[in-house]
Structure formats: structure tokens, C-alpha cells
Amino acid sequence: MGHEVIRYFDHAATSWPKPPQVIEAMQKAMLDYGANPGRGSHAMAVQASRVIYETRRHLSQLFGVRNPMDVIFTLNTTMALNLAIKGIVRPGDHIVVTGIEHNSVRRPVEYLRRIWNLDVTYIKANRQGVVDLRELEQSFRPHTKLVACSHSSNLLGTILPVGEVGEMTRKRGVKLLVDAAQTAGTIPIDVASMGIDMLAFPGHKGLLGPQGTGGLYIAPDMELEPLLHGGTGSQSDAVEQPGVRPDRYEAGTPNTVGLAGLNEGVKFILNETVEKIHTKEWKLTQRMMDQLRQLPGIELLGPDLGEDKTGIVSFTVKGADNAEIAFRLDREYGIAVRAGYHCTPLAHDAAGTTRTGAVRASVGYTTTEEDVNAFLDAMRDIQTHSK
Ligand SMILES: Cc1ncc(COP(=O)(O)O)c(C=O)c1O
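The structure reproduced in this document is the subject of the present report.

**So, the side chain of Thr 186**
Right, on to step 1. Relative to the elements of secondary structure, Thr 186 occurs in the loop between β6 (175-179) and α7 (191-194).
Right, on to step 2. Residue classification places Thr 186 among the buried residues on the basis of a relative accessible area of 9%.
Right, on to step 3. Here Gln 182 takes part through its backbone oxygen, which lies 3.4 Å from a polar atom of the side chain of Thr 186.
Right, on to step 4. Every residue in contact with Thr 186, bar those within four places of it in the chain, is listed here: Gly 206, Val 274, Ile 277, His 278 and Glu 281.

Laid out in C-alpha cells, this is it:
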């Protein structure tokens, strides 16, 4: 890393840096009580279990979950989405998904379509990533089991009005799965009032925890087939996977160290408040958009200036390869952005960037005005010297 200061604009992939208390908690877990939680009754194992429970409790507070045992830990959002989708859908079911989904929703759905002849409806989104809710309302059939939707597009930053979708699914007794990969910790989420039956979230993005953490909230009235079967430290003489949560869905030794870090990330967010985090990130994106749109050849993607969105600013540059822009930002200016296809060909289709891909600069709570200035200066420089 040849640059003294790294300007990190890849928070949508993984947030960085983490609050110092996240790292301290992980170090403490390793040094002081790195035993296997739920697999012993000695003091170290109990301490490990206690910290994991605390993480569940803080996440419940953040998402309006009544019982912390309904929060299941996974390695990332992808695993949570697989648990949700494969756990509920059965051969012949109908499932509705939106036209901006990430491959972590699209691929499991398409896999089930192939092996089980699943009936799948994709709901159109416009260029800005706004999903057609009228079309969604008309898509329900007698055998519709699930609506799976991204709370926000990881390419466009557009926010889906999940509460409205929740009203539609509730009325019809259809389950609602929300992919909160881009919103957990940065946009308010309340599972009860929004009608969310399952919420898949990463620990390593907006919740400021380490990689290898994530989870799935499962409403208490739902029964999913587990994704993994195996040891849970409970009911060891039973042949079947225990029915009790969270054990039913958490076979194998968990990521205690990671969850200890995630606990501190969530506490940090509860302290600061999601509203404050969102406002800060939104203001930063507005400045970036306002300045970028004045540069020749730049086309911004997603919601217009002034509209609500997450901390994502994606764009194409006329006549330039987006991968080269990202490469130059990194090598010449020490600025980390992501380029290419962002694991969401559906959203690229909607935005009209299937052929070009896009540059994505994403901010986080730690992004500063200086970072934004450096990014904008670098873009001006690149645009001037590419003429
Ligand atoms: C909308 C969306 N869904 C799912 C994922 C997958 O998340 P994870 O890397 O935690 O599995 C991402 C990651 O960027 C995402 O943006």
C-alpha cells in the first residue's frame, strides 16, 4: 500500500475501519475466554455464551425483535438468504423477487427453479431501481409462498418501501424475506411494524462487525428446514436436529470472536443511532453527486440528487473503462472504490449498464469531508487528464 492515507470508499462491500472497541472485544475474546460456547459449563464457555447472547440481544433491540433467540447467526448475508429461501420453499411453490436482486437471492432462487420447477416472478424496476409496487401487488397467486426483496440495491442505493410490501404480504398470508445487506445499521428497520418475517443481514457492513458474521431473524411463527445439520451442544442424544432456537439453525461451533466484535459494532450503532448515521451518509453522497455530475461524461446511477438513498454513489464515465478508473483511483490516489458488475446483473439491466458495468464509491459513518474532497479532486484530475 504505497499511499500514506487510504481513502476507503468500499463500505457497501465491507465497512472499514471498525470502531476500536470492536477490535478490543475480539482481542479480549481470544485472550480471556476463547472457549467453545454452549459446549461446556466451565466459566470460560459460559462467558463465551454470554457474549453471544448479548450480541443477539443488541441486534434484537436494533431490529425491533421481541425474542433474541429468533436471531440466528450465520457467516454472512448469503448464508442467511440461503437458509431462508431453501428453508421455506418447496416444489411447485411460487416466489416473487424484485428486478434489482443481488446474486445471493437470485442464484438460490434460480437453483431451486432448476431442481424443483419453482415458479418465479421477477418484478420490474425502473432505471433508478424503483420497483413497480403495482406490478408486485398483481403478482400474487394462490400458490405464492414468499416475496424476497432487497431493502436497497447494492448498485443504485435505491430504498424499497419495505413497509408497503409487508402490508401486501401480510394481507395474503405470504411470507416476506428482506435482504438488508445494504441497510442493516444504516437505515431504520423494525421487523414488526414493517411486516418482515425473515431479515437477512451482514455483520461486516453497516453493523461494523468483522467479516464472517451475519444473521437471519426468523419470525416466531415460522418453521424453516435447517440449512446445516450437526452438533449444537444441546439434546445430544436426539437423532434429529433440536427444535429449539437458535440451536435448530446453528449447528457447529460459532464465530465467537467475530460475534464479540459484532456486539460492539451494534452497541456503537445503538449509541449513535441509525438516524444520525443515515443523515451523515446521505449528506456525503449528496455532495459527491452534486460535484460529480458537473464533470464531463459522468452519468450518475440511482435516485436523483435530493432523494433518499443509502451511502452508494455509482456512475459510468463516457468513453472510459470503469475498471481503469477504479485502478487509477487506487494506484495514483490511494482511493478504494469498486468497479465492474457488483454481483447484481439484474440491477445493471434495470440501470442500463449491463454492457459497461459501473464505478461504485460507497461511504460509511467514518468517511470524512476530507475523504470526499480527495475523491472529488482525484476524479477531476482523472477526467482532465483523460481528455
Ligand atoms: C444486496 C446484497 N445482498 C447480499 C449480499 C451478500 O452479502 P454477504 O457478502 O454478507 O454474503 C450483498 C453484498 O454485497 C449485497 O449487497
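**Digging into the site of the ligand**
Right, on to step 1. Within the structure, the ligand sits among 14 residues, and Thr 77, Thr 78, Asp 179, Gln 182 and Lys 205 are positioned closest to it.
Right, on to step 2. For the ligand, the protein covers 89% of the area, taking 390 Å² as the surface of the free molecule.
Right, on to step 3. Tallied by class, residues from the shell around the ligand come to three nonpolar, nine polar and two charged.

**Concerning the nonpolar core**
Right, on to step 1. Core analysis: the largest hydrophobic core is formed by 76 residues, its most contacted members being Phe 63, Leu 177, Leu 207 and Leu 216.
Right, on to step 2. If one sorts the elements of this core by residue count, helix α3 (residues 77-88) sits on top with six residues.
Right, on to step 3. Counting 24 residues, the second largest nonpolar core, distinct from the first, contains Ile 325, Leu 329, Val 337 and Ile 382.

**A word on the sheet that holds strand β10 (residues 312-317)**
Right, on to step 1. Read from one edge to the other, the open sheet built from four strands follows the order β9-β10-β13-β12, with strand pairing classed as antiparallel. For this open sheet the edge positions go to β9 (298-300) and β12 (338-340), each flanked by a neighbour on one side alone. Taken over all neighbouring pairs, the strand axes of this sheet differ in orientation by 30° on average, direction set aside.
Right, on to step 2. In this structure, β9 lies alongside β10, joined through three bridges in antiparallel fashion. Across the sheet, residue Leu 300 finds its bridge partner in β10, namely Phe 315.
Right, on to step 3. With respect to the sheet, helix α12 (residues 369-385) is in contact with β9, β10 and β13 (358-362), its orientation differing from that of β10 by roughly 5°.

**Examining the pairing of strand β5 (residues 144-150)**
Right, on to step 1. The element β5 is largely enclosed, with a buried count of six among its seven residues.
Right, on to step 2. Of the pairings in the sheet, the one linking strand β3 (residues 94-98) to β5 comprises four bridges and is parallel in character. Counted as the bridge partner of Val 96 is Val 147 from β5.
Right, on to step 3. Two elements, β5 and β6, share five bridges in a ladder whose sense is parallel. Within the sheet, the bridge partner assigned to Ala 148 lies in β6 and is Leu 177.

**Points about the packing of helix α1 (residues 20-32) against helix α8 (residues 256-272)**
Between two packed helices, what matters for the description is the angle formed by their axes and the separation of those axes.
Right, on to step 1. For the pair α1 and α8, interaxial distance at closest approach is 8 Å and the crossing angle is 150°. Taken together, the axis directions place α1 and α8 in an arrangement best described as roughly antiparallel. α8 is crossed by α1, and the crossing has right-handed handedness. Across the interface between the two elements, Gln 21, Val 22, Ala 25, Met 26, Ala 29 and Met 30 of α1 pack against Val 257, Gly 258, Ala 260, Gly 261, Glu 264, Gly 265 and Phe 268 of α8.
Right, on to step 2. Taken together, the residues of the contact of α1 with α8 sort by class into eight nonpolar, four polar and one charged.

**Considering the packing of aromatic side chains**
Right, on to step 1. Counting across every chain of the model gives five aromatic pairs.
Right, on to step 2. An angle of 35° between the planes, with centres 5.2 Å apart, marks the rings of Phe 9 and Phe 375 as tilted. Of this pair, Phe 9 sits in the loop between β1 (7-8) and α1 while Phe 375 sits in helix α12, placing them 366 residues apart in sequence.
Right, on to step 3. On the basis of relative accessibility, which here comes to 0%, the residue Phe 9 falls in the buried class.
Right, on to step 4. The class of Phe 375 is buried, set by a relative accessible area of 0%.
Right, on to step 5. Through successive ring pairs, a cluster of aromatic residues spans Phe 9, Phe 315 and Phe 375.
Right, on to step 6. The ring of Tyr 365 carries Lys 280 above its face, with NZ or CZ at 5.2 Å from the centroid.

**Brief notes about helix α9 (residues 274-292)**
Right, on to step 1. Between its terminal C-alpha atoms α9 stretches 27 Å, which fits the 27 Å expected from 19 residues at 1.5 Å a residue.
Right, on to step 2. Looking only at α9, the buried set comprises Val 274, Ile 277, His 278, Glu 281, Leu 284, Thr 285, Gln 286, Met 288, Met 289 and Leu 292.
Right, on to step 3. Packed against the buried residues of α9 are α2 (43-63), α8, β9, β10, β13 and α12.

**Remarks on the pattern of salt bridges**
Right, on to step 1. Applying the stated criterion across every chain, the model contains 21 salt bridges.
Right, on to step 2. Taking the shortest distance from any N to any O, the salt bridge between Arg 113 and Glu 110 comes out at 2.9 Å. Of this pair, Arg 113 and Glu 110 both sit in helix α4 (residues 103-116), separated by three residues, roughly a single helical turn.
Right, on to step 3. Note on Arg 113: relative accessible area 31%, which makes it partly exposed.
Right, on to step 4. Linking Glu 223 and Arg 248 is a salt bridge whose minimum nitrogen-to-oxygen distance equals 2.9 Å. With Glu 223 in the loop between β8 (214-218) and α8 and Arg 248 in the loop between β8 and α8, the pair connects residues that are 25 residues apart, well separated along the chain.
Right, on to step 5. Overall, the relative accessible area of 13% leaves Arg 248 in the buried class.

Rules behind the numbers
- Residues numbered from 1 in each chain as written.
- Predicted model: local features only at pLDDT ≥ 70, side-chain atom pairs only at ≥ 80, totals over all residues.
- Heavy atoms only, no water.
- Helix = DSSP H or I, 4+ residues; strand = E, 2+ residues; numbered from the N terminus.
- Buried < 20%, exposed > 50% of the residue type's maximum accessible area, 1.4 Å probe, protein only.
- Polar contact = N/O pair within 3.5 Å; in protein donor to acceptor, adjacent residues only side chain to side chain.
- Contact = heavy atoms within 4.5 Å.
- Near = heavy atom within 4 Å.
- Areas by Shrake-Rupley, 256 points an atom, 1.4 Å probe, with all protein chains shown as cover.
- Nonpolar A, V, L, I, M, F, W, Y, C, P; charged D, E, K, R; others polar.
- Core = buried A, V, L, I, M, F, W, Y, C linked by side-chain atoms within 4.5 Å.
- Pairing = 2+ DSSP bridges.
- Axes fitted to C-alpha atoms, helices over the stretch in contact; angles between N-to-C directions.
- Parallel < 35°, antiparallel > 145°, perpendicular 65-115°, else oblique.
- Left-handed = near helix turned anticlockwise from the far one by under 90°.
- Phe/Tyr/Trp six-rings, centres within 6.5 Å; stacked < 30°, edge-to-face > 60°.
- Lys NZ or Arg CZ within 6 Å of the ring centre and 35° of its normal.
- Expected span 1.5 Å × (residues − 1).
- Salt bridge = Lys/Arg side-chain N within 4 Å of Asp/Glu carboxyl O.

The values reported here are purely geometric and, on their own, carry no functional implication.
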